[in-house]
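The chain contents come next:
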Amino acid sequence: MKTRDVVLVTVLGCGSIAVLLAVAVYLYIRRRRRKREDDEDGTSCAIRADQSSSDGGREKSLSKLNGFLSLKTPLISTKTLGAQLETTSISSPQAKSPASSSAGAAAGASTTAGERTPTAHNKQLQNVKGQDHPPHPSMAFLQNRSISLVDMYIDNSEPSENVGQIHFSLEYDFQNTTLILKIIQGKELPAKDLSGTSDPYVRVTLLPDKKHRLETKIKRRTLNPRWNETFYFEGFPIQKLQSRVLHLHVFDYDRFSRDDSIGEVFLPLCQVDLSEKPSFWKALKPPAKDKCGELLTSLCYHPSNSVLTLTLLKARNLKAKDINGKSDPYVKVWLQFGDKRIEKRKTAVFKCTLNPVFNDSFSFNVPWEKIRECSLDVQVMDFDNIGRNELIGRILLAGKNGSGATETKHWQDMITKPRQTIVQWHRLKPE
């Protein structure tokens, strides 16, 4: 063999070895990169699995297979899916609004008794539930919630005057997430017209939404109207209804002037077991005439250590004292024995609000033998930087000569139920 051929064979052999080495290195690097990417994917899947496990309560398992991480397909819990569907139905721009009249069917509520086609969200929610309806959650809601809008309308006091009653019923369609309200009748309404009758109708609102209002038909010249009208509030999951307050306001229609308010009823839906299809006769409460506002307080007395505790929770609809239509309210409290003032306390000032939340407690040392002789003068004031502070409204909590029947009853309940906290709304009185 010639020298040239030997050199050529040697070069070709070296080149083949180099190519094979290059291919081997390339495959090795590629395999390492793929393994690293798979490891990273597996780790991220494991993180997502842990997060999904904490949210939905499902355990995920990781196992190694052929040097790579393999992950079981995560299961979506019905709880998580239900929450997603509820959020979607609320936030979707195509979701129906809480309430509207029968003429505005696109707004989400109707006053006809015809059948309605459930939406896709409601069908999915029905499949997730796997039953006709869940257990009523109102008790758990009442135990877990803090003071909120609902507390503002929990008022068990008697009306200050008789302005009639209203009869209505409630029902909940769990399949279509629809609240069904039937306004049946009213009785013993006061006469607002010169003829000795009224032209009553009912305005319906689901607070805090005040924009969408429904109204019954006007019943002419009667003090005992029969409406028998049904309203549907569609797209309301049962959890959402727990934070709503049903407001029924009866008016007397006037053709040439402003309609007169007859009376109103506030019903927090967290107090109602909708699965029982309840029916109510509710006494109407007259509208506030003094417009001073209301104050939510609690009283508690411990005979063992002679401690009287007054808690000022919040106020609502206070009278505006400033030019901007607001007030700067605070509360001043005097402990009195007869007409003699013994001790004074006051809360902090809350700027530019008519609905302050005080959450402030004051304790007084009152012996048991004197608990029926003392009283608490509670004054809601408007703070002013220039000039004197103005009185917005006041109440006198006492066992004998309170500022009203509600205030006297609150004090008596505190005495008859020692060591218990008695909560009560009070309407503020002017000077």
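Everything that follows concerns the structure shown earlier in this document.
The structure contained in this document is the topic of the report that follows. Along each chain, residue indices are assigned from 1 in the same order as the chain's sequence is written. At least 70 in pLDDT is required for a residue's local features to be given in this predicted model, at least 80 for side-chain atom pairs to be given and counted, and no such filter applies to totals for whole chains, interfaces and linings, which use all residues. For side-chain calculations, the full set of non-hydrogen atoms in the structure is used, while hydrogens and water are omitted.

**Observations regarding the overall build of the protein chain**
Helix numbering and strand numbering both begin at the N terminus, where a helix is a DSSP run of H or I of at least 4 residues and a strand a DSSP run of E of at least 2. When its secondary structure is counted, the protein chain shows 6 helices and 19 strands. Residue exposure (1.4 Å probe, protein chains only): buried if accessible area is under 20% of the type maximum, exposed if over 50%, otherwise partly exposed. For the protein chain, buried positions account for 40% of its 431 residues. When the accessible surface of the protein chain is totalled, it reaches about 25100 Å², and 51% of it is carbon and sulfur. Surface exposure here means Shrake-Rupley accessible area, sampled with a 1.4 Å probe, where a residue is shielded only by the protein chains that are shown.

**Details of the sheet that holds strand β10 (residues 260-268)**
Spatial ordering of the open sheet is given by β7-β6-β9-β10, a layout of 4 strands whose pairing is antiparallel. Edge positions in the sheet fall to β7 (214-215) and β10, since each has one partner strand and no second. Two strands are counted as paired when DSSP detects at least two bridges linking them.

**Details of the sheet that holds strand β18 (residues 390-398)**
With antiparallel pairing, the 4 strands of this open sheet are ordered in space as β15-β14-β17-β18. Two strands close off the open sheet at either side, each with one partner strand: β15 (340-346) and β18. This sheet shows a mean twist of 20° between the axes of neighbouring strands, independent of strand direction. Of the strand pairs in this sheet, strand β14 (residues 329-337) and β15 are connected by 6 bridges, and their pairing is antiparallel. Along β15, the bridge assignment pairs Val333 with Arg345. For helices, the fitted axis covers only the stretch in contact; all axes are lines through C-alpha atoms, and the angles between them, taken along N-to-C directions, range from 0 to 180 degrees.

**Description of the nonpolar core**
As used in this record, nonpolar core signifies buried Ala, Val, Leu, Ile, Met, Phe, Trp, Tyr and Cys residues forming a set joined through side-chain atoms within 4.5 Å. Membership of the largest hydrophobic core comes to 31 residues, with the highest contact counts inside it found for Leu170, Leu181, Val204 and Leu246. Where this core is concerned, the elements lending two or more residues are β4 (165-173), β5 (178-187), β6 (200-207), β8 (226-234), α5 (238-241), β9 (245-252) and β10. For this core, the element with the most residues is β4, which contributes 4 residues. Ranked by size, the runner-up nonpolar core spans 29 residues in total, among them Val333, Leu354, Val366 and Val380.

**Details of unusual backbone geometry**
Outside of glycine, negative phi angles account for most residues, and trans bonds account for most peptide bonds. In this structure, Pro208 follows Leu207 across a cis peptide bond, with omega equal to 15°. Within the secondary structure layout, Pro208 lies in the loop between β6 and β7. The backbone of Lys277 sits at a positive phi, close to 50°, despite the residue not being glycine. Within the secondary structure, Lys277 sits in the loop between β10 and β11 (279-283). Given a relative accessible area of 54%, Lys277 falls into the exposed group. In the Ramachandran plot, Asn317 falls in the positive-phi region, its phi being about 55° despite a non-glycine side chain. Relative to the helices and strands, Asn317 resides in the loop between β13 (307-316) and β14.

**Overview of helix α6 (residues 405-416)**
The span expected for a helix works out to 1.5 Å for each residue beyond the first. The first and last C-alpha atoms of α6 sit 16 Å apart over 12 residues, in line with the 16 Å expected at 1.5 Å per residue. The set of residues buried in α6 consists of Glu407, Thr408, His410, Trp411, Asp413, Met414 and Ile415. Note on definitions: a residue-residue contact is assigned when non-hydrogen atoms from the two residues lie within 4.5 Å. Of the surrounding elements, those touching the buried residues of α6 are β12 (294-302), β13, β17 (374-382), β18 and β19 (422-427).

**A look at the packing of aromatic side chains**
Two rings belonging to Phe, Tyr or Trp (six-membered ring only in the last case) form a pair when the distance between their centres is within 6.5 Å. Interplanar angles under 30 degrees mark stacking, angles over 60 mark edge-to-face geometry, and anything in between is tilted. Under the defined criterion, the tally for this structure stands at 5 aromatic pairs. Ring geometry for Tyr172 against Phe174: centres 4.7 Å apart, planes inclined by 85°, an arrangement best described as edge-to-face. Neither residue differs from the other here; Tyr172 and Phe174 are each classed as buried. Centroid distance Phe350 to Phe358: 5.3 Å. Interplanar angle 85°. Geometry classified as edge-to-face. Taking the ring centre of Trp425 as reference, the NZ or CZ of Arg316 above it sits at 4.0 Å. Geometrically, a charge over a ring is one whose NZ (Lys) or CZ (Arg) sits within 6 Å of the ring centre while staying within 35 degrees of the ring normal.

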